[in-house]
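# Understanding the architecture of this molecule
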Amino acid sequence: MFDHATGATPRTDAPHTDHPCAGRSDADGPRAGRTNAEAEAGRAAGAPRAVRFARVLLSPWARLALLLVVLASAATAVLLYEPQKMLADGWPPQLGGAMAAVLFGVAYGLCTVAFVPRPILNLAAGALFGTALGLTTSIGGTVLGAGISFALGRHLGQDALRPMLRGRVLLAADGVLSRHGFRSMLAIRLFPGVPFAAANYCAAVSRMRYLSFLTATGLGSIPNTLAYVIAGSEASSPTSPAFVISTAFIVVTSIAGVVVAWCKRHSIGRSAGQASAASAEESAPEPVQTSVHSLSNK
């Protein structure tokens, strides 16, 4: 049809757009718009929920609960299966030599994490492998078990337990372990007045470094471990000089460890009292001083 005003003929192939929905496909309709909006709203609402759930799982108290579950499960497994008896009987019987020593060392470390007393394992190492190989296996298992316990306590329990360190004695002990980690742990291992597992987790909660902890554990555990290994290797002849000397050494070091722990407790208490007194003096308000010149003017 010819347009007299413009002098042009309109195109007949243009789409008819009188209807408001004309030119739209079903995917671009109002329902699709609502669906996309609902999907966006669902994703926006689900993201904070997932973040909150992840925060709860990674919170300090959740990790501490996981640590308690792991330790309780390990202790229950020890009570049910008694792996220390299998180690003492020479398990597994089909292995021998270096492979048996390596396997024993790994089992030794895992048993210490599960609160199996180290003296039993040391005696078993001496009875199974003799003095030299038994000592090497026991020290390796000691360092392995201490490292596992330290890692568990540091990553799962430190953040939740450090705010609970209150009181003069606890704060002073934490300060000693944090500032003098190697020296303190070396003394604890040389004089076994503190249980092995308790020392591991106390060190983990403190600021002690991982390398200092492992080095002090390996060096400090040698004398006492050697005495138990010798006693285990000479258990068949209890009247031999080696057995008598090793047993006497065990008794003497145990008594010395109790004495050292008692003296250290009192010294920590005194240092804590001095520290609290010093902090109280620093926080106290300064007294008002009146000069002699102002008094004379009055």
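Because the structure is a prediction, the values reported are computed rather than measured.

## Some remarks on the overall build of the protein chain
Within the protein chain one finds twelve helices and zero strands. Along the protein chain, helices (α) and strands (β) appear in the sequence α-α-α-α-α-α-α-α-α-α-α-α when read from the amino end. In the protein chain, 76% of the contacts between residues at least 6 apart in sequence involve partners at least 24 apart. Carbon and sulfur atoms form 67% of the exposed surface of the protein chain, whose accessible area is close to 18800 Å².

## Quick look at the environment of Val260
Assignment of secondary structure puts Val260 in helix H11 (residues 241–283). The class of Val260 is partly exposed, set by a relative accessible area of 36%. Between the C-alpha atoms of Val260 and Pro192, which are 68 residues apart in sequence, the distance is 9.4 Å.

## Thoughts on the layout of surface pockets
Taken as a whole, the second largest pocket encloses approximately 360 Å³ of empty space. Lining the second largest pocket are 18 residues, and of these Arg118, Pro119, Val194, Pro195 and Phe196 sit closest to its centre. Sorting the residues of the lining of the second largest pocket by element identifies helix H5 (118–161), helix H7 (181–190), helix H8 (196–205) and helix H10 (222–233) as the ones contributing at least two each. Within the lining of the second largest pocket, the residues separate by chemical class into eleven nonpolar, five polar and two charged.

## Some words on the side chain of Gln158
Tracing the chain through its elements places Gln158 in helix H5. Polar side-chain contacts of Gln158 include one of 3.4 Å to the backbone oxygen of Val205. A distance of 3.0 Å separates a polar atom in the side chain of Gln158 from the backbone oxygen of Ser206. Setting aside anything within four residues of it in sequence, one finds Gln158 in contact with Gly153, Pro163, Ala204, Val205, Ser206 and Arg207.

## Side note on the side chain of Ser206
Its place among the elements puts Ser206 in the loop between H8 and helix H9 (210–220). Within the local environment of Ser206, its side chain forms a polar contact with the backbone nitrogen of Met208, the two atoms lying 3.3 Å apart.

## As for the packing of H7 against H8
Axis separation between H7 and H8 bottoms out at 11 Å; the angle between their running directions is 175 degrees. If you check the angle between H7 and H8, you find them roughly antiparallel. Contacts from Met185, Ile188 and Arg189 of H7 reach H8 at Phe196, Ala199, Asn200 and Ala203.

## Observations concerning the confidence of the model for the protein chain
Of the residues in the protein chain, 65% reach a pLDDT of 70 or more, and the chain-wide mean stands at 76. Every residue in residues 286–298 scores below 50 in pLDDT, and together they form one contact with partners more than four places removed in sequence or on other chains.

## Some remarks on the packing of aromatic side chains
Under the counting rule described, the total for this entry stands at four aromatic pairs. Measuring from centroid to centroid gives 4.5 Å for Phe150 and Phe213, while their planes differ by 25 degrees, and the two rings are stacked. Linking Phe150 in helix H5 with Phe213 in helix H9, this pair joins segments that are 63 residues apart in sequence. The ring of Phe196 is capped by Arg118, whose NZ or CZ atom sits 5.1 Å from the centre of that ring.

The rules we used
Residues numbered from 1 in each chain as written. Predicted model: local features only at pLDDT ≥ 70, side-chain atom pairs only at ≥ 80, totals over all residues. Heavy atoms only, no water. Helix = DSSP H or I, 4+ residues; strand = E, 2+ residues; numbered from the N terminus. Contact = heavy atoms within 4.5 Å. Areas by Shrake-Rupley, 256 points an atom, 1.4 Å probe, with all protein chains shown as cover. Buried < 20%, exposed > 50% of the residue type's maximum accessible area, 1.4 Å probe, protein only. 1 Å grid on protein atoms, 1.4 Å probe; cavity = no way out; pocket = protein on both sides within 12 Å on 5 of 7 lines; lining within 4 Å. Points joined across faces, edges and corners; volume = space filled by probe spheres on them. Nonpolar A, V, L, I, M, F, W, Y, C, P; charged D, E, K, R; others polar. Polar contact = N/O pair within 3.5 Å; in protein donor to acceptor, adjacent residues only side chain to side chain. Axes fitted to C-alpha atoms, helices over the stretch in contact; angles between N-to-C directions. Parallel < 35°, antiparallel > 145°, perpendicular 65-115°, else oblique. pLDDT = per-residue confidence, 0-100. Phe/Tyr/Trp six-rings, centres within 6.5 Å; stacked < 30°, edge-to-face > 60°. Lys NZ or Arg CZ within 6 Å of the ring centre and 35° of its normal.

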